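Chain residues, written in single-letter form:
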Amino acid sequence: MKNDIIAKKFLFLFLVLAALYVLFPILIVLMNSFKSKLFISDSAFSFPTKESFVGWYNYISGIRKIKFFSAFGYSLWITIASTLGILLVSSMLAWFITRVKNKVTSLIYYSLVFSMIVPFQMVMFTMSKMANILHLDNPVGIVLIYIGFGCGMSTFMFSGFIKSIPLSLEEAAMIDGATPPQIFFQVIIPMLKSTAITIAILEIMWVWNDYLLPYLTIGTDYKTIPIAIQYLRGGYGAVDMGAMMAMLVLAMIPVIVFYLTCQKYIIKGVLAGAVKG
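For every chain, the first residue of the written sequence is number 1, and numbering continues from 1 along that sequence. Selection of residues for local features in this predicted model requires a pLDDT of at least 70, selection of side-chain atom pairs for listing and counting requires 80 or more, and totals for whole chains, interfaces and linings are taken over all residues. Just so you know, side-chain values use all the structure's heavy atoms and leave hydrogens and water out.

## Thoughts on the packing of helix H7 (residues 141–162) against helix H10 (residues 193–209)
Each axis is a line fitted through C-alpha atoms, taken for helices only over the stretch in contact, and angles between the N-to-C directions span 0 to 180 degrees. The secondary structure listing takes helices from DSSP runs of H or I that are at least 4 residues long and strands from runs of E that are at least 2 residues long, numbered from the N terminus. Running from N to C, H7 and H10 point in directions that differ by 155°, and their axes come no closer than 11 Å. When the axis of H7 is compared with that of H10, the two are roughly antiparallel. Pair H7 / H10 crosses with right-handed handedness. Contact residues: H7 offers Tyr-146, Phe-149, Gly-150, Met-153, Ser-154, Met-157, Phe-158 and Phe-161, while H10 offers Thr-195, Ala-196, Ile-199, Leu-202, Glu-203, Trp-206 and Val-207. An angle counts as roughly parallel when it lies under 35 degrees, as roughly antiparallel when it exceeds 145, as roughly perpendicular when it falls between 65 and 115, and as oblique in every other case. Crossings are classed by handedness, with left-handed meaning an anticlockwise turn of the near helix from the far one by less than a right angle and right-handed meaning a clockwise turn. A contact between two residues is defined here by any heavy atoms of the two lying within 4.5 Å.

The following block contains the structure:
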């Protein structure tokens with residue numbers, strides 16, 4: 001009995017330390033977003049004082065310098081459209097290749113699995129050239145590119161869950177006169193809710209924070225938040241650290257809010273996979 005109590009205490013202590021380890025960088029960014037840039041490099045790990053505290057100046061300055069709301073709009077559109085596209089395409093594809101067993105679906109499945117292990121750096125220059133040739137170097141075209149890159153992992157995750165769904169449910173719906181689209185949207189999709197939200201969070205974190213793909217594809221014509229923040233770096237290595245910290249805080253808020261709102265569905269998805277797997 002005592003050993004169990006001691007083990008639980010050590011586990012609790014370990015989890016607290018792990019949480020502090022994760023939250024510490026966020027706390028540092030948050031503290032420095034309210035400091036004057038002259039004090040950030042000298043006292044980055046200290047709380048703002050009367051001398052270093054500048055209130056909301058860094059936020060106002062950063063928003064003005066990088067045209068934050070314009071960058072926020074592009075990032076929001078690309079993230080939402082890409083995530084919805086990935087969820088729709090990959091879930092439909094996963095259902096198809098799971099229920100239809102032949103050489104073509106097997107080839108599609110293993111091709112998607114193979115795409116997960118290919119580093120982006122191997123294809124980024126070819127991809128950017130093809131995006132330019134096909135006129136995908138715009139906020140609409142980059143959504144199609146993200147869907148292509150994101151379908152590998154999401155299809156793999158969806159197909160694993162769909163395999164656990166009894167085929168008898170779909171057969172019963174078919175006997176009742178349901179068409180394949182009706183079966184998918186009315187029977188399969190409701191059962192994929194927890195898995196879809198888990199995948200959505202992973203995709204949102206990837207697309208929202210991605211710097212390299214938008215920079216190679218749409219460049220500076222349509223600046224997303226990561227690209228816009230980069231332009232706080234001035235000539236000769238000068239960086240407005242105060243404004244940069246403030247913009248990083250604003251960039252983190254949407255993803256954190258979405259995660260906290262949907263965390264119960266993530267837990268449900270993990271538990272469902274653990275029980276049905």
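## Focus: a nonpolar patch on the surface
Patch definition: residues above 30% relative accessible area lacking any salt bridge, with like charges linked at up to 9 Å and the nonpolar side chains Val, Leu, Ile, Met, Phe, Trp and Tyr linked at up to 5 Å. Surface accessibility follows the Shrake-Rupley procedure with a 1.4 Å probe radius. Residue values consider only the protein chains on display as shielding. Counted as salt bridges are all cases of a side-chain nitrogen of Lys or Arg within 4 Å of a carboxyl oxygen of Asp or Glu. Together, Ile-6, Phe-10, Phe-12, Leu-13, Val-16, Leu-17 and Leu-20 line one region of the surface with nonpolar side chains, adding up to about 720 Å² of accessible area. When you line up the elements, Phe-10 lands in helix H1 (residues 2–32).

## Digging into empty space enclosed by the protein
Only protein atoms enter the 1 Å grid used here. Points where a 1.4 Å probe fits but cannot escape make up a cavity, open sets with protein on both sides within 12 Å along at least five of seven lines make up a pocket, and a residue lines them when an atom lies within 4 Å of a point. Grid points are joined across faces, edges and corners, and a volume is the space filled by probe spheres set on the points. Evaluated as defined, the whole model comprises one cavity of 30 Å³ or more. Its volume calculated, the largest cavity comes out at about 50 Å³. Along its surface, the largest cavity is lined by Ser-75, Ile-78, Thr-79, Ile-142, Tyr-146, Val-207, Trp-208, Asp-210, Pro-214, Thr-224 and Pro-226. It is helix H4 (residues 68–99) that provides the largest number of residues to the lining of the largest cavity, a total of three residues. Here the term charged refers only to Asp, Glu, Lys and Arg, the term nonpolar to Ala, Val, Leu, Ile, Met, Phe, Trp, Tyr, Cys and Pro, and the term polar to all other amino acids, Gly among them. By residue class, the composition of the lining of the largest cavity is seven nonpolar, three polar and one charged.

## Some remarks on unusual backbone geometry
The residue Lys-67 is not glycine, and still its phi comes out positive at about 50°. Following the sequence through the fold, Lys-67 ends up in the loop between helix H3 (57–66) and H4. Overall, Lys-67 belongs to the exposed group, its relative accessible area being 63%. Not every positive phi belongs to a glycine, and His-135 is a case in point at roughly 60°. Residue class for His-135 comes out exposed when judged on its relative accessible area of 61%. Residue exposure (1.4 Å probe, protein chains only): buried if accessible area is under 20% of the type maximum, exposed if over 50%, otherwise partly exposed.

## Points about the layout of surface pockets
Empty space among the atoms can be located by rolling a probe the size of a water molecule over them. Approximately 440 Å³ is the volume attributed to the largest pocket. What lines the largest pocket is a set of 18 residues, among which Ser-115, Val-118, Phe-149, Gly-150 and Trp-206 lie closest to the centre. Among the secondary structure elements, those contributing two or more residues to the lining of the largest pocket are helix H5 (103–117), H7, H10 and helix H11 (212–217). Considering only residue class, the lining of the largest pocket consists of 12 nonpolar, four polar and two charged. Its volume calculated, the second largest pocket comes out at about 320 Å³. For the second largest pocket, the lining is made up of 15 residues, of which Leu-76, Thr-79, Ile-80, Ile-204 and Phe-258 are closest to its centre. Ranked by residue count, the leading element in the lining of the second largest pocket is H4, at seven residues. Here the residues of the lining of the second largest pocket sort into 13 nonpolar, two polar and no charged.

## Let's talk about the environment of Trp-77
The topology assignment puts Trp-77 in helix H4. Here Trp-77 falls in the partly exposed class, since its relative accessible area comes to 43%. Linking Trp-77 and Ala-196, residues 119 residues apart in sequence, is a C-alpha distance of 19 Å. Excluding anything up to four places from it in sequence, Trp-77 contacts Pro-139, Val-140 and Val-143. Any N or O atom pair separated by 3.5 Å or less is treated as a polar contact, with the protein-specific requirement of one donor-capable and one acceptor-capable atom, and with residues adjacent in sequence counted only for side-chain atom pairs. From its side chain, Trp-77 meets the backbone oxygen of Pro-139 in a polar contact 2.9 Å long.

## Things to note about the packing of aromatic side chains
Two aromatic rings, drawn from Phe, Tyr or Trp (for Trp, its six-membered ring), form a pair once their centres lie within 6.5 Å of each other, and the interplanar angle then sorts them: stacked below 30 degrees, edge-to-face above 60, tilted otherwise. Inspection of every chain in the model, using the stated rule, returns 16 aromatic pairs. Both rings, one in Phe-34 and one in Phe-53, keep their centres 6.2 Å apart while their planes meet at 20°; by these two values the pair is stacked. With Phe-34 in the loop between H1 and helix H2 (37–40) and Phe-53 in the loop between H2 and H3, the pair connects residues that are 19 residues apart, well separated along the chain. Under the relative-accessibility criterion, Phe-53 is labelled partly exposed at 48%. Within the aromatic cluster, the residues linked to one another by ring pairs are Phe-34, Phe-53, Trp-56 and Tyr-59. Lying across the ring of Tyr-231, Lys-223 places its NZ or CZ 4.1 Å from the centre. Only when the NZ atom of a Lys or the CZ atom of an Arg is both within 6 Å of the ring centre and within 35 degrees of the ring normal do we say a charge sits over the ring.

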